[in-house]
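Residue-level structure breakdown
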Amino acid sequence: MPNPPKKVKDTWSCRIFSALNQCYLTLLREGGLEDMRRAGKLAPNPEEDNFGYYRMPRFYPDRFVEEDDPRWQEVCQRNG
């Protein structure tokens with residue numbers, strides 16, 4: 001049985017995404033990952049990268065908080 005999707009909060013925009021991959025694809029399409037693109041940290045075909053989300057927290061430390069992280073409530077309350 002697969003695990004349910006995990007929510008993730010982008011602390012820069014105060015947006016909550018319903019799944020890790022949705023966060024990655026949405027920010028990629030909106031241009032929110034241009035720093036990663038310029039640094040060469042995106043896959044050659046980023047739209048098809050199933051593990052793209054996992055590069056984001058390493059490139060942007062403290063920007064993304066997953067819902068099972070103890071900081072989830074604190075970040076949500078502090079940022080809205």
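Before reading further, recall that the structure is shown in the block above.
Residues numbered from 1 in each chain as written. Predicted model: local features only at pLDDT ≥ 70, side-chain atom pairs only at ≥ 80, totals over all residues. Heavy atoms only, no water.

Concerning the overall build of the chain
Just so we agree on the cut-off: Put simply, DSSP marks the helices as runs of H or I at least four residues long and the strands as runs of E at least two long, and each gets a number from the N terminus on. Throughout, the radius of gyration refers to the C-alpha atoms, and the reference size of a globule is 2.2 Å times the residue count to the power 0.38. Buried residues are those whose accessible area, probed at 1.4 Å on protein chains only, stays under 20% of the maximum for their type, while exposed residues exceed 50% and partly exposed ones sit between those limits. We call two residues in contact whenever any of their non-hydrogen atoms come within 4.5 Å of each other.
Broken down by element type, the chain carries 4 helices and 3 strands. In summary, the chain has a C-alpha radius of gyration of 13 Å against a globular reference of 12 Å for 80 residues, a match within 12%. Summarising its shape, the C-alpha atoms of the chain cover approximately 35 × 35 × 20 Å along the three principal directions. A buried classification covers 38% of the 80 residues belonging to the chain. Taking all contacts inside the chain whose residues are at least 6 apart in sequence as the whole, residues at least 24 apart take part in 49%.

Focus: the nonpolar core
The condition is simple: As used here, the term nonpolar core means buried Ala, Val, Leu, Ile, Met, Phe, Trp, Tyr and Cys residues forming a set that is joined through side-chain atoms within 4.5 Å.
Ranked by internal contacts, the top residues of the largest apolar core, which has 15 residues, are Cys23, Tyr24, Leu33, Tyr53, Met56 and Phe64. Here this core gets 6 residues from one element, more than from any other, and that element is helix H1 (residues 20-30). For Cys23, the residues in contact, after removing those within four places along its chain, are Val8, Phe17, Tyr53, Met56 and Phe64.

Observations concerning the sheet that holds strand E2 (residues 15-17)
In sheet architecture, strand pairing relies on hydrogen bonds along the backbone and comes in two forms, parallel and antiparallel. Note the following rule: The pairing criterion for strands is at least two bridges between them, as found by DSSP. Only C-alpha atoms enter the line fits that serve as axes; for helices the fit covers just the stretch in contact. Angles between N-to-C directions range over 0 to 180 degrees.
Strand order in this open sheet of 3 strands is E2-E1-E3, and the pairing throughout is antiparallel. The two strands at the open ends of the sheet, each matched to only one other strand, are E2 and strand E3 (64-66). Strand-to-strand twist of the sheet, defined as the mean angle between neighbouring strand axes without regard to direction, takes the value 25°. The pairing of strand E1 (residues 8-10) with E3 spans 3 bridges and is classified as antiparallel. The residue bridging Lys9 from the neighbouring strand is Val65, located in E3. The strands that H1 touches are E1, E2 and E3; relative to E2, the one it contacts most, it runs at about 125°.

Section: H1
Buried residues of H1: Leu20, Cys23, Tyr24, Leu25, Thr26, Leu27 and Leu28, and no others. Positive phi shows up at Gly31, right after H1, with a value of about 85°.

A look at unusual backbone geometry
For Cys14, which is not glycine, the phi torsion reads 60° and is therefore positive. Of note, Cys14 is situated in the loop between E1 and E2. Residue Cys14 is classed as partly exposed on the basis of its relative accessible area of 33%. Even without a glycine there, the phi angle at Asp62 is positive, about 70°. Of note, Asp62 is situated in the loop between helix H3 (56-59) and E3.

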